[in-house]
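Here is what each chain is made of, one letter per residue.
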Amino acid sequence: FGGDGSGDEHISASKTHTAETTSTTTMVFTFPSNFEARAKQSRRKDDVRQSILSAMDVFVRALKVFVAFGLILSLAILSVASILAMVAALIAMSRGGGDGRSRSALMRRMRSAFFTL
């Protein structure tokens, strides 16, 4: 790295020496002795994890369907219950509860509400 170039000559000399002693350089990679067992264990863990995730996905979808069906069913039950309550109120008013004028106006309003449902 000085100005005389002696460092560059030393590096080129060592490269030449290495090239003269070994004609081809080969690298050998050896697997650990328990590589196959570890690979199978890793695959089993991945398979179990995938099975659990797919089962959870099915469970979540089934739960969503169950909740949606429950909400629709409860809405239908509430609608039927409100209609029955209105019919019961109309029957009670038509049998003679309350005074005549307010009862007839209230019955007209309830009938119009009932028919809009």
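Structure first, text after, so check above.
Now for a quick tour of the structure.

About the cut-offs
- Residues numbered from 1 in each chain as written.
- Predicted model: local features only at pLDDT ≥ 70, side-chain atom pairs only at ≥ 80, totals over all residues.
- Heavy atoms only, no water.
- Helix = DSSP H or I, 4+ residues; strand = E, 2+ residues; numbered from the N terminus.
- Buried < 20%, exposed > 50% of the residue type's maximum accessible area, 1.4 Å probe, protein only.
- Areas by Shrake-Rupley, 256 points an atom, 1.4 Å probe, with all protein chains shown as cover.
- Salt bridge = Lys/Arg side-chain N within 4 Å of Asp/Glu carboxyl O.
- Phe/Tyr/Trp six-rings, centres within 6.5 Å; stacked < 30°, edge-to-face > 60°.

### Regarding the overall build of the chain
Next, step 1: Secondary structure summary: the chain contains 3 helices and 0 strands in total.
Next, step 2: Along the chain, helices and strands appear, N-terminal first, in the series α-α-α.
Next, step 3: For the chain, the proportion of its 117 residues judged to be buried stands at 4%.
Next, step 4: Accessible area for the chain stands at about 10500 Å²; split by element, carbon and sulfur atoms hold 65% of it.

### Points about the pattern of salt bridges
Next, step 1: Considering all chains together, one arrives at 3 salt bridges under this definition.
Next, step 2: In this structure, arginine 49 and aspartate 46 form a salt bridge, with 3.2 Å as the shortest nitrogen-oxygen distance. Taken together, the residues span about one helical turn, with arginine 49 and aspartate 46 both in helix α2 (residues 35-94) at a distance of 3 residues.
Next, step 3: Two residues, arginine 61 and aspartate 57, come together in a salt bridge whose shortest N-O distance is 3.3 Å. In this pair, arginine 61 and aspartate 57 are both assigned in helix α2, 4 residues apart and thus about one turn of the helix distant.

### Focus: the packing of aromatic side chains
Next, step 1: Going through the model one piece at a time under the given rule, you end up with 2 aromatic pairs.
Next, step 2: Ring plane angle 85 degrees and centroid distance 5.3 Å describe the contact between phenylalanine 29 and phenylalanine 31, whose orientation is recorded as edge-to-face.
Next, step 3: The class of phenylalanine 29 is exposed, set by a relative accessible area of 65%.
Next, step 4: Note on phenylalanine 31: relative accessible area 53%, which makes it exposed.
Next, step 5: For the ring pair phenylalanine 31 and phenylalanine 35, a centre distance of 4.5 Å and an interplane angle of 35 degrees mean the geometry is tilted.
Next, step 6: An aromatic cluster is built from Phe29, Phe31 and Phe35, whose rings are joined through pairwise contacts.

Without other data, these values stay purely geometric and don't point to any function.
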